[in-house]
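Structural characterization, general
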Amino acid sequence: MTTAIPTVTLNNGVEMPQVGFGVFQVPNEETTAAVASALKAGYRSIDTAAIYGNEEGVGQALAESGIARDELFITSKLWISEMGCEQTIAGLDSSLRRLGLEYLDLFLIHWPAPAKDLYVETWRALEKLYADKKIRAIGVSNFQPAHLTKLIAEGSIVPAVNQVELHPALQNREVIAANAEHGVVTEAWSPLAQGAMLTDETILAIAETHKVTAAQVILRWHLQQGRVIIPKSVTESRIIANLELFGFELTGEELGSIDALDRDGRTGPNPETFNG
Ligand code: NDP
């Protein structure tokens, strides 16, 4: 059964599914089966990256699915070692070849890598690829407010998306505010904190109230704030359950109690200091 997944409208008018499927840390040889399960469950948006080493596995699942290209929303990301004008253009070509696609729906600069000072040059290359219609929307990932402001000041196109680490233990409020100020959609990576928040007592109590799982509570908390989410799972039952988010609604009080779980719970690298 295909679940109707809401979309958000990006700043260039492109519609992006609000729930997608992430494949970080899934080995290439397991990726085809995981993506096939996700497509069968109703996901149409898939989030991969050159550095994940599984674009070929994603591409195989897309090809075998028989789903029309214009029903899919495929995101990939440019790795730090490929930043810079010519490398970016070659990087997109390599991702497209591995995915077996002629265009991407969204291509992101994976990290700002501030010490390299290459993200503005890289952005200009993305702007050219966008103008050449090789990408339907361009965006960034892990950009802090200062990186975003600099990019917008020196580039011609405002990023459509900023994909950042975001879950109850790291709510990244300054980044969300900066994104909103510039009309950039916030997309949450590790929306489940890689599982770390699934035994939290507050979350479990809310789950009990609604007779849903802790994961569904967290994912619903994201959705009710208008964010895009890309939960990852290689477990078919979880892949299906992570899309069953539209039959219940959290109250304002419940949202507030999850908001109160914010702490310095970063699981990934710090974008200010990570340079690959
Ligand atoms: P998630 O927060 O999506 O958590 C994934 C983990 O949670 C896996 O161990 C999975 O287990 C488990 N899980 C998933 N659903 C459930 C469930 N319903 N119940 C219990 N456990 C569950 O972590 P990710 O780090 O994978 O983030 C999601 C996506 O974000 C990535 O796959 C990637 O596409 C993107 N990302 C982007 C980054 C960036 O720098 N831009 C960085 C990191 C991630 P199992 O698979 O065993 O079922």
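Residues numbered from 1 in each chain as written. Predicted model: local features only at pLDDT ≥ 70, side-chain atom pairs only at ≥ 80, totals over all residues. Heavy atoms only, no water.

This paragraph deals with the overall build of the chain. A tally of helices and strands in the chain yields 10 helices and 10 strands. Its C-alpha radius of gyration of 18 Å places the chain within 12% of the 19 Å reference for a compact globule of 276 residues. Overall size of the chain, expressed as C-alpha extent along the three principal axes, is 55 × 40 × 30 Å. Buried residues in the chain amount to 55% of all 276 residues. Pairs at least 24 apart in sequence give 74% of the contacts found in the chain among residues at least 6 apart. With an accessible surface of roughly 11,600 Å², the chain has 51% of that area assigned to carbon and sulfur atoms. Averaging the positions of the 21 positive and the 35 negative side-chain charges in the chain gives two centres separated by 3 Å. (Helix = DSSP H or I, 4+ residues; strand = E, 2+ residues; numbered from the N terminus. Rg over C-alpha atoms; globule rule 2.2 N^0.38 Å. Buried < 20%, exposed > 50% of the residue type's maximum accessible area, 1.4 Å probe, protein only. Contact = heavy atoms within 4.5 Å. Areas by Shrake-Rupley, 256 points an atom, 1.4 Å probe, with all protein chains shown as cover. Lys, Arg positive; Asp, Glu negative; His and termini not counted. Charge placed at Lys NZ, Arg CZ, Asp CG, Glu CD.)

What follows concerns unusual backbone geometry. Its identity as a non-glycine residue notwithstanding, D117 has a phi of 55°, on the positive side. Tracing the chain through its elements places D117 in the loop between β6 (104-109) and α4 (119-131). One non-glycine residue with positive phi stands out, namely K211, at about 55°. Its place among the elements puts K211 in the loop between α7 (201-210) and α8 (214-223).

Among the 28 residues in the neighbourhood of the ligand, the closest are listed as D47, S190, K232, S233 and T235. Between the ligand and the protein, one listed contact pairs an oxygen atom with a side-chain N or O atom of S190 at 2.7 Å. In this structure, Q194 approaches the ligand through a side-chain N or O atom, which is 2.8 Å from an oxygen atom. Burial of the ligand by the surrounding chains reaches 88%, relative to a free accessible area of 910 Å². Its residues assigned to classes, the shell around the ligand shows 13 nonpolar, 11 polar and four charged. (Near = heavy atom within 4 Å. Polar contact = N/O pair within 3.5 Å; in protein donor to acceptor, adjacent residues only side chain to side chain. Nonpolar A, V, L, I, M, F, W, Y, C, P; charged D, E, K, R; others polar.)

A word on the packing of aromatic side chains. On inspection of all chains with the given rule, the structure shows six aromatic pairs. Pairing W111 with F274 gives two aromatic rings, centres 4.8 Å apart and planes at 65°, and the pair type is edge-to-face. With W111 in the loop between β6 and α4 and F274 in the segment after α10 (252-259), this pair connects stretches of sequence that are 163 residues apart. Classification of W111 by relative accessible area gives buried; the value is 5%. Three or more aromatic residues link up through ring pairs in this structure, and these residues are W79, W111, W189 and F274. Cation over ring: K150 sits above Y119, and NZ or CZ is 5.5 Å from the ring centre. The ring of F248 has R220 sitting right over it, with the charged end atom 6.0 Å from the ring centre. (Phe/Tyr/Trp six-rings, centres within 6.5 Å; stacked < 30°, edge-to-face > 60°. Lys NZ or Arg CZ within 6 Å of the ring centre and 35° of its normal.)

Now for helix α5 (residues 145-154). Along α5, the residues that are buried comprise H147, L148 and L151. For α5, the angular spread of the buried residues around the axis is 100°, confining them to a single face. For α5, the exposed residues lying more than 90 degrees away from the buried face are A146 and A153. Buried residues along α5 sit against α4, β7 (135-141) and α6 (173-182). (Arc of directions from axis to C-beta.)

This part covers the pairing of strand β8 (residues 161-165). Within β8, five of the five residues are buried, leaving the element largely enclosed by the surrounding structure. For the crossover that starts at β7, traverses α5 and ends in the parallel β8, the hand is right-handed. Pairing of β8 with strand β9 (residues 185-189), which is carried by five bridges, proceeds in the parallel orientation. Residue N162 lies in a different strand from β9, and its bridge partner there is T186. (Right-handed = clockwise from strand over helix to strand, strands pointing away. Pairing = 2+ DSSP bridges.)

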